[in-house]
Amino acid sequence: MNIKHIFQASAVASALVLAGCGGDINITEGDITNTNTTTTTNNAPSTPSTPVVDDSAPGVASPFLSSQVSTALGSSVEVRSLSGRISSVGDAAETITLTNDTVWALEGPVIIGDDNENSVTLEIEPGTIIFGRSGADYLVISRGSKIESTGSATDPVIMTSYNDVVGAEVGPGQWGGLVILGNAPSTKCPTDGTACALQVEGAVEGSVFGGTDATDNSGILRYTVVKYAGFEIAPDNELNGITFGGVGSETTVEYVQVHANSDDGVEFFGGSVNAKYLVLTGNQDDSVDWDNGYNGKLQYVYVEHARDGSDANRGIEGDGDGGNANDDGGAFQFSAPMVANMTVIGNTFDTEDSDSEGLLLRDQTAAKIMNLLVTGPEEMGECLEFDSDATVQGNLDDGDLTITYSALVCSEPVKGVDVPGKTTEELVTWFEGQVGNQIVDFTDADARNALGINNDGSLTSESSLLTAGGNPSTLDGFFAENSFVGAIGATDWRQGWAFGFGGGQVAVAASQSGCPAGTTTIASVDGETNTCQVSGRITSDLTLTAGNMYALSGAVFVGGDNTDSATLTVEPGVIIYGSSGNDYLVVSRGSQIDANGTATNPITFTSRQHAQDPSTLVNGAPGQWGGMVILGNGQSTKCPTDGTACALQVEGVQEGAVFGGTDDADNSGTLRYVRVMHGGFEIAPDNELNGITFGGVGSATTVEYIQVHKNADDGVEFFGGAVNAKYVVLTGIQDDSVDWDNGYDGKMQFVLVKHADDDSDANRGIEGDGDGGNAGSGEGFEFSNPTVANMTIIGNAFDTADTDSEGILLRDQTSAQLYNFVITGAAGECLEFDNDDTVQGNLTDGDINIQTSVVACAENFKGVDAPGLDTAGVEAWWNDAARNNAVAADEAAVVNDIFTIATGVDATDVNAVDSFFTTTDFIGAVKDAENNWTAGWTVGL
C-alpha cells in the first residue's frame, strides 16, 4: 500500500502563486497572539527538526504553532497564521494559494477581498489543513471574491480545530467556520431599487450579501471537510459550519462535509447555489437550514445525528424568514428549493427545548422534495412537521410544496398542528396521497427489515428502497437520474474522503512515525502515543505492532468473503479504538484475527473517549463505537436446506458481512486476553452491534480470557456455529450478556456476568433461543444446544416497565446443558422459560438440563400461563432431586464479591461431560481470591 504524504518532512513552502495582470496582494494583518489557548500534553518520541520558513508565502510564520503542531504530528511542519483582510491592489482580481506542505492557522476573522472590490481568489490545494483556535477564528469569502477549495477523493481539504490537529479533545464550537457571500437575490433585499447589502449572521460587521445576479460565481468547494466549528455569538446570531449568503448558481459545491458543528451544518440565506454529495454528521442544530428565498437545488444529502445521542435538532429546517414575500415587487415570493435523494438518520437526543427530528418546513417556504428517507431510533422525534403558518399550510394544498417517492420510518412519522393547519391525521393523508410515498410501521420489524437500511445509511442489495424512488431528473436537469430512496444507492460516494468513512483525518507520512505499512499516521489520540489509522478492507496480512494506538475509521474488514483472505495480528498491549457507531471491525469468512494478549499486557478494543485516557474508565460509556464481528463457515439453522451455498447477513453490519456454511471446525483465529469496551450500537430495534458478534464461527477458533465491558447491546452473541470459549467476563452490559441463536452448539466454561454496579441498564445474563430456521425439518440442527459450565450471574436493581435485570431466559428452539451455575442479585427472575412449544417440550424430554446450580434472586422463578410450566412448575422442575440444585436466601449467601461461597451443592465433574471442560470442585465462575483468573487484566471488577 502506498502511504499518502500530506506534509513533507522538510515542510518547505511553495512560492506564492500570483495570477492576473501584474497586481499585488495586500495582506492587512490583524493582531497575532502566539499564545497557547488550548492545554495539551503532547510529547513526541523525538524532537522534530525546525521547519524551513518561506517568508514569500501568505501570512506570517508562527514558531510557536509550528513547534506545537510538529510535536503533535511527529514531523517537521511549518504553520503560518492568516489574519485580517486579504485583498488585491489594482483593478484585476488576484490569486493567493494555500499549499498543502504548510498548515494554515486562522487568527480572528480572515476576510478574502473587499465587498465587490479588490477581489481575490483563494486557492486551496488538495490535502491542505486549515485550523482555528476559537470561535473568533473564521474565514469569510466576500462578494466578488472566490474560494477554490479543490480537494480530491484521496486528499480532501480539511478545515478544523487546533485541537484536532494536535490530537487534543475535540468537540463542536472549537473554531468559527466558513462564510461565503455572493450577489444573488434574497427576499430581504430592498424592493425600491436600493443596492442590497445584508449583514450575514455571526460574522464581523461589513460581511454582507445579496444582489440581483442569481448566477453569481463564488468559486468551488470540492472534497472539503469542515469539522468542530460553529459559534453562537448571541441567540439567533450564530456561525454555521458553512454559511452561504446570497451565493449564486455558478458556484460549484460537491463532496462537502460538515461534522460536529455547534450550530447548523449548512445554512442558505437566499441565493441559488446548488450542491451535490453533502455529508452532515453530528451537527448540534439543523443540518440544513434555508431562508431568505433560497431556491437552489440539492442532491445526495446524507444527514446523521450524533451516534452518542448528544445534541441534535432537525435534518432540515426550511423557511422564507420574512422579507418581502407578500410584496408583488419582491424578488422571490418564497424559498423554493428542490431536494432529491436525502437521508436523515436521527438519534435519541430529547430535551424540553429541542430533540432530534427529521424535517420542519416553516413560514414562506415552498419545496419540491423527492426520494427522501427519514429514520432513526424509537426515541427520535417526528420525521416530518409543517409550521402552522398560513403560507406553508397553503403550499401544502396548492402544490407548491410536494414530497414524493419518500419513506418515513419513525415512531412518530408526522406531527400536525391544532389551528390553523393540518392535524396529524390530515398530514398523514396528505403525505400518503403524494405519489410513491410510504409510512413504514415502526413497530413492524419485518417491514423495517425489508427496507434494508445499513447502520451507515447505505442500502443492502435486497433493499426495497433501491427501486422505490422516482426519477429526480424530471424535477430539473441539474439532478442525476436514479431510482432509489435516500442519499446512498449502489455506490457509496462518501467512502475514502469523508470523516467517519475512511477519510477526513489530519495525517502525516507513515515513514515518520513507525506506523506499520497498510496504516496511516494521524494525530496522537492521547497527546503522547503514536496513533495509526486503519480503514477499508485489509487483503494482505497486517500486524498492529505494540507501541502505537490504532484508530478504526469506518467499517474495517479483514479479507473478502472467503476470498482475498488475510490475518490481522494484534500484538500484546495494543489499544484499538473507534470514534462512533460507524467504526467497527469485521473478520470475514476465510480470514483470521490473531489477537494474542497476555495477563500483564491485554489487548484492548475501546472508544476514542476512553483511549484518550486509558488509565481510567471515567471517559468510557456504552455505545461510543461499534464493536467486533467475527464471521465463519460454521452451520446455522437459517442456512438453506436445498444445497444452496449459505451466506447469511449478520446483524448490525453493512451488507456483505455474511456467515454460515458446513464447517463447524472452521478456524477464525485467536482471541486471548482481549477486552472489548464501551461499544455496541442499535441501528434499529432487533438490528444491533454487540460487543463481540460470533457468526457461524467454528470450534478450531480459540477464545479465552476475554472481557466485554459496558456494551450498549449484548456482550457476546453467537449466531450458530460451534465456537468454544473459556474465561469470559461480561460487565456492565446493557442488554443480554450472553445471547445465542441460529443453532449454536458450542461450549463455554468459567463465565462471569456482573451487571452494572450503579444499577443502570441491564437485562439477562443469558438469552438463548434457536431463532427460527429449519428446526424440525430434519435438516441441519434441530435446536441450539450449547453446553455451559461454571457460570456466575450477578444481577443488579435495574427495573423498568419494559425490562429489568434477570438471570436466564430460554426461548424457542433451544436446548441447553448447564452445570455449576450461581444466579443471584437480579431485580427480576433468576430463571424463566418461554411458553414456546419447543422449549417447553425440551423441559419435559430432558433436552434442557440445568443441574448442580443455585439461585438467589428476589423472584427465583417465572412461569407462563399456558401452554407450559407455570411458576410453581418451574420451581418444581428446578428442585427435582436428580438435578441436585438449590435455592439460597439471598446474594450474601452465595457470593462474596465475585467469589463463590454457596454451600450444599456439589459441583458436576464436567470433564466427564466433554473433554473441553476442566474438572472443578466448585460451582460458579471464580472459586476464591487465590484462584482468581480475572485478576490483573480485567476492568470494572
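All of these numbers come straight from a predicted model, not from anything done at the bench.

Concerning the pattern of salt bridges
Line of reasoning, step 1. This structure, assessed with the given rule, holds 22 salt bridges.
Line of reasoning, step 2. Note that Arg362 and Asp387 form a salt bridge whose closest N and O atoms lie 3.8 Å from each other. Highlighted residues: Arg362 in the loop between strand S25 (357-361) and strand S26 (367-375) and Asp387 in the loop between strand S27 (384-386) and helix H3 (390-398), separated in sequence by 25 residues.
Line of reasoning, step 3. Note on Arg362: relative accessible area 29%, which makes it partly exposed.
Line of reasoning, step 4. Between Asp456 and Arg494 there is a salt bridge, with the nearest N and O atoms lying 3.8 Å from each other. Of this pair, Asp456 sits in the loop between helix H5 (445-451) and strand S32 (507-508) while Arg494 sits in the loop between H5 and S32; the two residues are 38 residues apart in sequence, bridging distant segments of the chain. In this pair, the class of Asp456 matches that of Arg494, namely buried.
Line of reasoning, step 5. If you follow the salt bridges from partner to partner, you end up with Arg314, Glu317, Glu357, Arg362 and Asp387 in one network.

Remarks on the state of the cysteines
Line of reasoning, step 1. Overall, the coordinates contain five disulfides when judged by the stated rule.
Line of reasoning, step 2. The residue that forms a disulfide with Cys639 is Cys646, at a sulfur-sulfur distance of 2.1 Å. The sign of the S-S torsion, about -80°, decides the handedness of the disulfide formed by Cys639 and Cys646: left-handed. Each member of the pair, Cys639 together with Cys646, is buried.
Line of reasoning, step 3. Between the sulfur atoms of Cys830 and its disulfide partner Cys857 the distance amounts to 1.9 Å. Measuring the twist about the S-S bond at about 80°, one finds the Cys830-Cys857 disulfide to be right-handed. Of this pair, Cys830 sits in strand S58 (residues 829-833) while Cys857 sits in the loop between strand S60 (854-856) and strand S61 (859-862), and the two are 27 residues apart along the sequence.
Line of reasoning, step 4. Since its relative accessible area comes to 9%, Cys857 is described here as buried.
Line of reasoning, step 5. If one numbers only the bonded cysteines of the protein chain, in the order they occur, the disulfide pattern is 1-2, 3-4, 5-6, 7-8, 9-10.

A short note on the pairing of strand S45 (residues 669-677)
Line of reasoning, step 1. Counting buried positions along S45 gives eight out of nine residues, so the element sits mostly inside the fold.
Line of reasoning, step 2. Sheet topology places strand S40 (residues 592-596) next to S45; four bridges connect them, and they run parallel. Paired with Asp594 across the two strands is Thr670, which belongs to S45.
Line of reasoning, step 3. With three bridges joining them, strand S41 (residues 603-607) and S45 adopt parallel strand pairing. When the sheet's bridge partners are listed, Thr604 is paired in S45 with Arg675.
Line of reasoning, step 4. With seven bridges connecting them, S45 and strand S49 (residues 702-709) associate as parallel partners. Considered in S49, the bridge of Thr670 is made with Thr702.

As for the confidence of the model for the protein chain
Line of reasoning, step 1. Taken as a whole, the protein chain shows an average pLDDT of 88; of its residues, 89% reach a score of 70 or greater.
Line of reasoning, step 2. Low pLDDT (under 50) marks residues 1-47, which in the prediction has 125 contacts with non-local residues, meaning those over four places away or in another chain.

Some points on the side chain of His610
Line of reasoning, step 1. For His610, the location among the structural elements is in helix H6 (residues 608-611).
Line of reasoning, step 2. Within the structure, His610 has its side chain in polar contact with the side chain of Thr606 (distance 2.8 Å).

Details of unusual backbone geometry
Line of reasoning, step 1. Here the phi dihedral of Asn341 falls at roughly 60°; this positive angle occurs in a residue that is not glycine.
Line of reasoning, step 2. Relative to the helices and strands, Asn341 is located in strand S24 (residues 338-345).
Line of reasoning, step 3. The exposure class of Asn341 is buried, given its relative accessible area of 0%.
Line of reasoning, step 4. Backbone geometry places Asn371, a non-glycine residue, at a positive phi of 60°.
Line of reasoning, step 5. On the accessibility criterion, Asn371 (0% relative accessible area) is buried.

About the criteria used
- Residues numbered from 1 in each chain as written.
- Predicted model: local features only at pLDDT ≥ 70, side-chain atom pairs only at ≥ 80, totals over all residues.
- Heavy atoms only, no water.
- Salt bridge = Lys/Arg side-chain N within 4 Å of Asp/Glu carboxyl O.
- Helix = DSSP H or I, 4+ residues; strand = E, 2+ residues; numbered from the N terminus.
- Buried < 20%, exposed > 50% of the residue type's maximum accessible area, 1.4 Å probe, protein only.
- Disulfide = S-S within 2.5 Å.
- Pairing = 2+ DSSP bridges.
- pLDDT = per-residue confidence, 0-100.
- Contact = heavy atoms within 4.5 Å.
- Polar contact = N/O pair within 3.5 Å; in protein donor to acceptor, adjacent residues only side chain to side chain.

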